[in-house]
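# Report on the structure
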Amino acid sequence: MSVVPDLWGIDPDEVYKWTPKAQREVLDKGKWNEKKREWDSLPTYGKPLAGAPVVFVAAPSGTLTLAIENARTRYRTVWVRGWEKTKAAKGDVNDYFDDLAEKGTEIYSPELIERTLSECVVDWENVKHGGKVRPFKRGDWKHNSRHLSGQEQAELFYAILAGSLFEGAESDPFVSSPA
């Protein structure tokens, strides 16, 4: 057994189940604060609905983990520097967020997202496209990516990026559960 689970809590040999939030039971709708434009409490989701897609995800390799961490660090740096610059110049907050979104797209590039998903997604069940269940083709992300919507791919990438996918259902019920 590897030392990694003891250090990070992620077993590199484990395969985790993931289902998009839209295909899960809603346990709590959360509370959106319109005045502050932020969540007072986040929505939480439970078990997958009957017939929902289930994607099997492995932990990223060490090399990919470094690339993801590098991107995450770059994004945080851009976020902080941009915010400080906007506050100092008493600039428009909307301009700040527009700039952040543009730089975020460069940092979390389509190439990084594709690399992450093609390495981490190892199988699936009940993934439908055009009303039909589609087979998973190991090693063919170009084929597989056509059967997950952009929203689903973004949500899955974020769950991997944030590490919440690997925490399990007990700590974050709307993201994942160990297979």
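For the structure itself, consult the block above.
Take the overall build of the protein next. A count of helices and strands for the protein gives six helices and 10 strands. Sorting the 179 residues of the protein into buried and exposed places 36% on the buried side. Carbon together with sulfur atoms contributes 53% to the accessible area of the protein, which is approximately 11,400 Å² in total.

Since the α-helix turns once every 3.6 residues, residues separated by three or four places project in the same direction. With 27 residues, helix α2 (residues 62–88) should reach 39 Å at 1.5 Å per residue; the first-to-last C-alpha distance of 39 Å fits that figure. Listed in full, the buried residues belonging to α2 are Leu-64, Ile-68, Ala-71, Arg-72, Gly-82 and Thr-86.

Bringing the environment of Gly-82 into the picture now. Along the chain, the position of Gly-82 falls in helix α2. Here the alpha-carbon distance between Gly-82 and Leu-100, two residues 18 residues apart in the chain, equals 7.5 Å.

What follows is about the side chain of Arg-24. As for its placement among the helices and strands, Arg-24 is situated in strand β2 (residues 24–28). There is no salt bridge for the buried Arg-24, and the closest opposite charge comes from Glu-155, which lies 6.5 Å off by N-O distance.

This part is about the nonpolar core. Grouped together as the largest cluster of nonpolar side chains are 26 residues, with contacts concentrated most on Val-55, Val-57, Leu-156, Ile-160 and Leu-165. Listing elements by their share of this core, those giving two or more residues are β1 (15–18), β6 (54–58), α2, α4 (110–120), β7 (121–125) and α6 (150–162). Broken down by element, the residue count for this core peaks at five residues, all from α6. Among residues more than four places away in sequence, those in contact with Val-55 are Tyr-16, Lys-17, Trp-18, Val-121, Asp-123, Trp-124, Leu-148 and Leu-156.

With that out of the way, let us pick up a nonpolar patch on the surface. Residues Trp-32, Trp-39 and Leu-42 make up a contiguous nonpolar surface patch of about 330 Å² in total accessible area. Residue placement: Trp-32 occurs in strand β3 (residues 31–33).

Another point: unusual backbone geometry. The phi torsion of most residues other than glycine is negative, and most of the peptide bonds are trans. Even without glycine at this site, Arg-37 takes up a positive phi of about 60°. Tracing the backbone through its elements, the reader meets Arg-37 in the loop between β3 and β4 (38–41). Residue class for Arg-37 comes out exposed when judged on its relative accessible area of 53%. At Asn-126, a residue that is not glycine, the phi angle is positive and equals roughly 60°. Counting through the fold element by element, Asn-126 comes out in the loop between β7 and β8 (128–129). Judged by relative accessible area, which is 32%, Asn-126 ranks as partly exposed.

In β1, alternate side chains face the same way, and those of Tyr-16 and Trp-18 are buried while those of Val-15 and Lys-17 on the opposite face are not. Two elements, β1 and β6, share four bridges in a ladder whose sense is antiparallel. Looking across to β6, one finds that Tyr-16 is bridged to Val-57.

Per the counting criterion, the structure on display carries two salt bridges. One salt bridge in this structure joins Arg-37 and Glu-34, with 2.4 Å as the shortest N-O distance.

Cut-offs and rules
Residues numbered from 1 in each chain as written. Predicted model: local features only at pLDDT ≥ 70, side-chain atom pairs only at ≥ 80, totals over all residues. Heavy atoms only, no water. Helix = DSSP H or I, 4+ residues; strand = E, 2+ residues; numbered from the N terminus. Buried < 20%, exposed > 50% of the residue type's maximum accessible area, 1.4 Å probe, protein only. Areas by Shrake-Rupley, 256 points an atom, 1.4 Å probe, with all protein chains shown as cover. Expected span 1.5 Å × (residues − 1). Lys, Arg positive; Asp, Glu negative; His and termini not counted. Salt bridge = Lys/Arg side-chain N within 4 Å of Asp/Glu carboxyl O. Core = buried A, V, L, I, M, F, W, Y, C linked by side-chain atoms within 4.5 Å. Contact = heavy atoms within 4.5 Å. Patch = residues over 30% accessible without salt bridge, like charges linked within 9 Å, V, L, I, M, F, W, Y side chains within 5 Å. Pairing = 2+ DSSP bridges.

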